[in-house]
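Secondary and tertiary structure notes
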Amino acid sequence: MSAVALVTATVRIDAGRERVALNTAYVRALLRVGVIPLAAPPLLDPAHAADALRSADGLVLSGGEDVHPGRYGAAPHTALGEVDESRDVIELALIREARAQGKPILAICRGIQVLNVALGGTLYQDLPSQRPGPIDHRDEHGRHALKVAPNTLLAETVGAGTLSVNSRHHQAIRDLAPPLVATAWAEDGLIEAVEFAIPAPEPWMLAVQWHPEDLTEAALFAGFARALARTPAAAR
């Protein structure tokens, strides 16, 4: 029986109509590793997060809007991008439930940011103005190198100590949340991946700042699929 992953989605206006949207790259990446994706609309009532996640084997936090800075006690920066507070609320609830239910989590781009905020961390709202450096993290067509910490879940999953990634973002982790440990860094020192500092009793979790769904890191999705298969039946 195929595993099922709940994948967070966004809302977009298309031809004058409001629609729930999920990039097909996530869908295809999950299908390639035998996981059935189900979109979780940001309109979902947070009170239903437990039931929504109970019907799935794991959670994928996808990319999208900026996380509202009020979630980590900061005033909005002038370069803050589009936000969706209803999406913030449901994703925070889904993260709580995934931890409570012991469900694996794969977090991508915005996903690593909202996960860090959910667990007590903060963000740079705009890298060019708050943390300028030699790498243009906003470059949608560029790639940059990063170093992977040895003896980590990330290193075990990707099987490499260095990677070339396609991260494209203007926000990133500033203060790391206490339950997390950084496991990969860009050459300018920016955190690019995290996992739980003490895995047990936390579920399997990898969070990355780049976009592995764009045919760049199949190993991450394969690792997520293996984690779903190992999830105890009682947690399903």
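This section reports on the structure supplied with the text.

Structural notes on the layout of surface pockets
- Counted as a void, the largest pocket has a volume near 270 Å³.
- In terms of lining residues, the largest pocket is bounded by 13 residues, among which Gly64, Cys109, Arg168, His169 and His170 are the most central.
- Taken together, the residues of the lining of the largest pocket break down into one nonpolar, six polar and six charged.
- When its volume is computed, the second largest pocket comes out at roughly 230 Å³.

Notes on the environment of valine 165
- Position of valine 165 among the secondary structure elements: in strand S9 (residues 162-165).
- Valine 165 sits in the buried class, given a relative accessible area of 1%.
- C-alpha of valine 165 to C-alpha of leucine 59: the two residues are 106 residues apart in sequence and 22 Å apart in space.
- Apart from the residues lying within four places of it in its own chain, the contact partners of valine 165 are Gly142, Arg143, His144, Leu146, Glu192 and Trp210.

Regarding the nonpolar core
- Ranked by internal contacts, the top residues of the largest apolar core, which has 34 residues, are Leu6 and Leu61.
- The element best represented in this core is helix H3 (residues 85-101), accounting for six residues.
- Once you skip the residues sitting within four places of it in the chain, leucine 61 turns out to touch Thr8, Glu91, Ile95, Ile105, Leu106, Ala107, Ile108, Gly111, Val114 and Leu115.
- Counting 31 residues, the second-largest nonpolar core is a separate cluster that includes Ile108, Cys109, Leu163 and Leu206.

Quick look at unusual backbone geometry
- Cis peptide bonds are those with omega within 30 degrees of zero, and the linkage from alanine 200 to proline 201 qualifies with 5 degrees.
- Mapping proline 201 onto the fold places it in the loop between strand S12 (191-196) and strand S13 (205-208).
- Even without being glycine, cysteine 109 reaches a positive phi, approximately 55 degrees.
- Position of cysteine 109 among the secondary structure elements: in the loop between strand S6 (105-108) and helix H4 (110-118).
- Here cysteine 109 falls in the buried class, since its relative accessible area comes to 8%.
- Although it is not a glycine, asparagine 151 sits at a positive phi angle of roughly 60 degrees.
- Take asparagine 151: its relative accessible area is 81%, and that puts it in the exposed class.

Observations regarding the environment of valine 7
- Position of valine 7 among the secondary structure elements: in strand S1 (residues 3-8).
- Of the residues examined, valine 7 reaches a relative accessible area of 1% and is grouped as buried.
- Measuring from C-alpha to C-alpha, the distance between valine 7 and leucine 38 comes to 5.8 Å, with 31 residues separating the pair along the chain.
- Each residue touching valine 7, except ones within four places of it in the same chain, is listed here: Leu22, Leu30, Pro37, Leu38, Ala39, Ala40, Val60 and Ser62.

As for helix H1 (residues 24-32)
- Along H1, the residues that are buried comprise Ala25, Tyr26, Ala29 and Leu30. In a view along the axis of H1, the buried residues occupy a sector of 130 degrees, so they form one face of it. In H1, the exposed positions that point more than 90 degrees away from the buried face belong to Arg28 and Arg32.
- Against S1, strand S4 (35-40), strand S5 (58-61), S6 and helix H7 (218-230) lie the buried residues of H1.
- Remark: glycine 34 follows H1 within two positions and exhibits a positive phi of approximately 80 degrees.

What counts and what doesn't
- Residues numbered from 1 in each chain as written.
- Predicted model: local features only at pLDDT ≥ 70, side-chain atom pairs only at ≥ 80, totals over all residues.
- Heavy atoms only, no water.
- 1 Å grid on protein atoms, 1.4 Å probe; cavity = no way out; pocket = protein on both sides within 12 Å on 5 of 7 lines; lining within 4 Å.
- Points joined across faces, edges and corners; volume = space filled by probe spheres on them.
- Nonpolar A, V, L, I, M, F, W, Y, C, P; charged D, E, K, R; others polar.
- Helix = DSSP H or I, 4+ residues; strand = E, 2+ residues; numbered from the N terminus.
- Buried < 20%, exposed > 50% of the residue type's maximum accessible area, 1.4 Å probe, protein only.
- Contact = heavy atoms within 4.5 Å.
- Core = buried A, V, L, I, M, F, W, Y, C linked by side-chain atoms within 4.5 Å.
- Arc of directions from axis to C-beta.

Any functional reading would require information that these geometric values do not contain.
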